[in-house]
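One letter stands for each residue in the lines below.
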Amino acid sequence: MSLRQRVLTHLKGRLGADPPLLRLAFWDGETFDFAPRPTVTITLTTPRVMRALLSGNFGRLGDAYVSGELAVDGAVEDILDVGIGLADRVGRSRLVARLGPLLRYVPRRHSKSRDAAAISHHYDVSNDFYRLWLDRNMVYSCGYFPTGEEGLDAAQEAKLDHICRKLRLKPGERLLDIGCGWGGLLHWAVTHYGVTGVGVTLSREQLDYAQAWIARDGLDGRIELRLQDYRDIEGEGGFDKVVSVGMYEHVGIVNQPTYFATLARLLKPGGIALNHGITVTDPDGKPQGPAGGEFIDRYVFPGGELPHLSRVIYEVAKAGLEAADVEDLRPHYARTLQHWVRRLEAHADAAIAAAGAERYRIWRIYMAGMAVAFDRGWLSIDQLVAYKPQADGRKAPRPWSRAHQYVACPDPPLANGLDWRTL
């Protein structure tokens with residue numbers, strides 16, 4: 001038995017009675033199976049990748065996967081099962097284990113230029129790439145599945161309508177969408193609810209796509225799109241409603257007060273804001289599940305930071321808004337990501353042609369891993385509706401129930417302060 005085989009046999013023993021269904025294939029043609037009938041094959045092209053695997057250096061393994069030094073064959077769900085099992089059992093080095101919890105106390109810099117570069121890294125990939133696996137409205141955020149059986153197009157349109165109903169949009173109102181993406185929500189709100197809209201994004205590719213779509217549908221006079229940082233939106237009280245979907249993850253923990261204060265400043269008295277975004281499930285903000293944050297930070301969302309829901313509610317209140325409704329959509333994002341991965345895999349050749357083999361590998365494993373994170377509750381996602389007080393300082397009126405969110409109810413009865421004469 002070779003030295004390599006002896007080392008791997010020892011590692012197999014450390015993994016217990018239920019080893020991963022994994023085959024390792026090496027640069028010299030040798031293979032090693034951790035279990036009979038392996039479902040996943042990891043091919044290592046260099047000895048340094050082998051060292052990273054044995055030491056539990058999953059950051060280095062992520063780099064090797066992206067560069068092609070490490071190839072992975074198998075169904076994506078099997079790959080994740082094997083990867084999570086290895087991460088749980090092999091673990092990190094002692095140094096990383098000691099330093100990891102401290103990293104959340106190190107503030108990130110979120111200057112305007114750095115945030116713009118981070119957004120460009122993720123979104124200015126190729127509109128053709130995203131078009132392959134997103135829905136027909138190009139909505140790159142959690143869908144809404146009323147029964148769990150809807151297809152992706154139906155789930156995203158249900159989400160857009162769900163948001164519009166929560167905002168109680170009415171004809172003639174002015175809606176601001178912070179982080180408007182490819183314009184799907186604004187397009188839906190304008191064409192279905194009769195509002196006018198302003199959208200801001202830091203992605204040039206998203207802006208170009210949305211402007212062409214809006215011009216093609218004759219909505220130029222009803223939707224204005226800007227390449228603009230949210231901090232540069234001028235004015236006070238210029239919008240009846242403000243919405244932000246999948247945006248505040250890029251803001252940074254240190255900038256949460258500025259972000260929510262901006263939403264409050266831009267709302268008219270009595271206006272409604274809706275924030276839709278990912279949250280961590282640990283109250284102290286510690287990451288859950290196996291290591292993966294370094295890979296996402298380096299290759300997917302540079303500078304992304306996630307708060308706990310309690311922090312979001314605190315910052316909303318600190319900005320002078322009244323949190324009136326919170327809905328957890330965790331299972332919906334797991335299902336959405338599952339749809340995206342399947343569609344990406346179905347268009348693998350076209351995706352590689354549009355954005356390159358590295359980008360395809362990154363997005364395939366990143367989205368599949370995120371699906372598992374939401375399914376297992378390591379991450380969650382919440383929609384929070386908040387009201388700005390009226391000009392006289394009284395709380396804004398709001399519906400007595402949530403019925404307007406689920407049935408056509410354009411003017412729901414409002415709870416508008418005490419009136420003793422009605423009792």
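In what follows, the structure referred to is the one given above.
Structural notes, computed from the coordinates. Quick caveat, the model's predicted, so the values are computed rather than measured. (Residues numbered from 1 in each chain as written. Predicted model: local features only at pLDDT ≥ 70, side-chain atom pairs only at ≥ 80, totals over all residues. Heavy atoms only, no water.)

### What to know about the side chain of glutamine 405
Of note, glutamine 405 is situated in the loop between strand S12 (398-399) and strand S13 (414-415). On the basis of relative accessibility, which here comes to 6%, the residue glutamine 405 falls in the buried class. Sequence-distant contacts of glutamine 405, defined by excluding residues within four places in its chain, comprise His162, Arg165, Lys166, Asp325 and Glu327. (Helix = DSSP H or I, 4+ residues; strand = E, 2+ residues; numbered from the N terminus. Buried < 20%, exposed > 50% of the residue type's maximum accessible area, 1.4 Å probe, protein only. Contact = heavy atoms within 4.5 Å.)

### Comments concerning the nonpolar core
Core analysis: the biggest nonpolar cluster contains 66 residues, and Tyr130, Trp133, Tyr140, Trp340, Trp363, Met367 and Phe374 have the highest contact counts within it. Once residues within four sequence positions are removed from consideration, methionine 367 is found in contact with Trp133, Leu337, Trp340, Val341 and Leu344. Judged by nonpolar contacts, the second largest core, of 28 residues, contains Ala189, Val195, Leu207 and Leu225. (Core = buried A, V, L, I, M, F, W, Y, C linked by side-chain atoms within 4.5 Å.)

### What about the packing of aromatic side chains?
Taken as a whole and assessed by the stated rule, the structure comprises 20 aromatic pairs. Measuring from centroid to centroid gives 5.6 Å for tryptophan 133 and tyrosine 140, while their planes differ by 80 degrees, and the two rings are edge-to-face. Tyrosine 140 carries the same exposure label as tryptophan 133, and that label is buried. Taken together through their ring pairs, the aromatic side chains of Phe129, Tyr130, Trp133, Tyr140, Trp182, Tyr333, Trp340, Trp363, Tyr366 and Phe374 make up a single cluster. (Phe/Tyr/Trp six-rings, centres within 6.5 Å; stacked < 30°, edge-to-face > 60°.)

### Some details on the pattern of salt bridges
Pairing of side chains with opposite charge becomes possible as their charged atoms draw close. For the structure on display, the rule yields 17 salt bridges. As a salt-bridge pair, arginine 23 and aspartate 33 come within 2.7 Å of each other at their nearest N and O atoms. Here aspartate 33 lies in strand S2 (residues 31-33) and arginine 23 lies in strand S1 (residues 22-25), a separation of 10 residues in the sequence. Judged by its relative accessible area of 28%, aspartate 33 falls in the partly exposed class. Here lysine 166 makes a salt bridge to glutamate 327, at a shortest N to O gap of 2.6 Å. In this pair, lysine 166 sits in helix H8 (residues 152-166) while glutamate 327 sits in strand S10 (residues 322-328), placing the two residues 161 residues apart along the sequence. Residue classification places lysine 166 among the buried positions, given a relative accessible area of 1%. Salt bridges sharing partners connect three or more residues here, namely Glu77, Arg342, Glu345 and Arg364. (Salt bridge = Lys/Arg side-chain N within 4 Å of Asp/Glu carboxyl O.)

### As for the sheet that holds strand S3 (residues 40-44)
Strand order in this open sheet of four strands is S2-S1-S3-S4, and the pairing throughout is mixed. Each edge of the sheet is formed by a strand with only one pairing partner; in this case those strands are S2 and strand S4 (70-73). Each adjacent strand pair in this sheet contributes to an overall mean axis angle of 15 degrees, direction not counted. In the sheet, S1 pairs with S2 via three bridges, with the strands oriented antiparallel. (Pairing = 2+ DSSP bridges. Axes fitted to C-alpha atoms, helices over the stretch in contact; angles between N-to-C directions.)

So, to be careful, I would describe these as geometric facts and stop short of saying anything about function.
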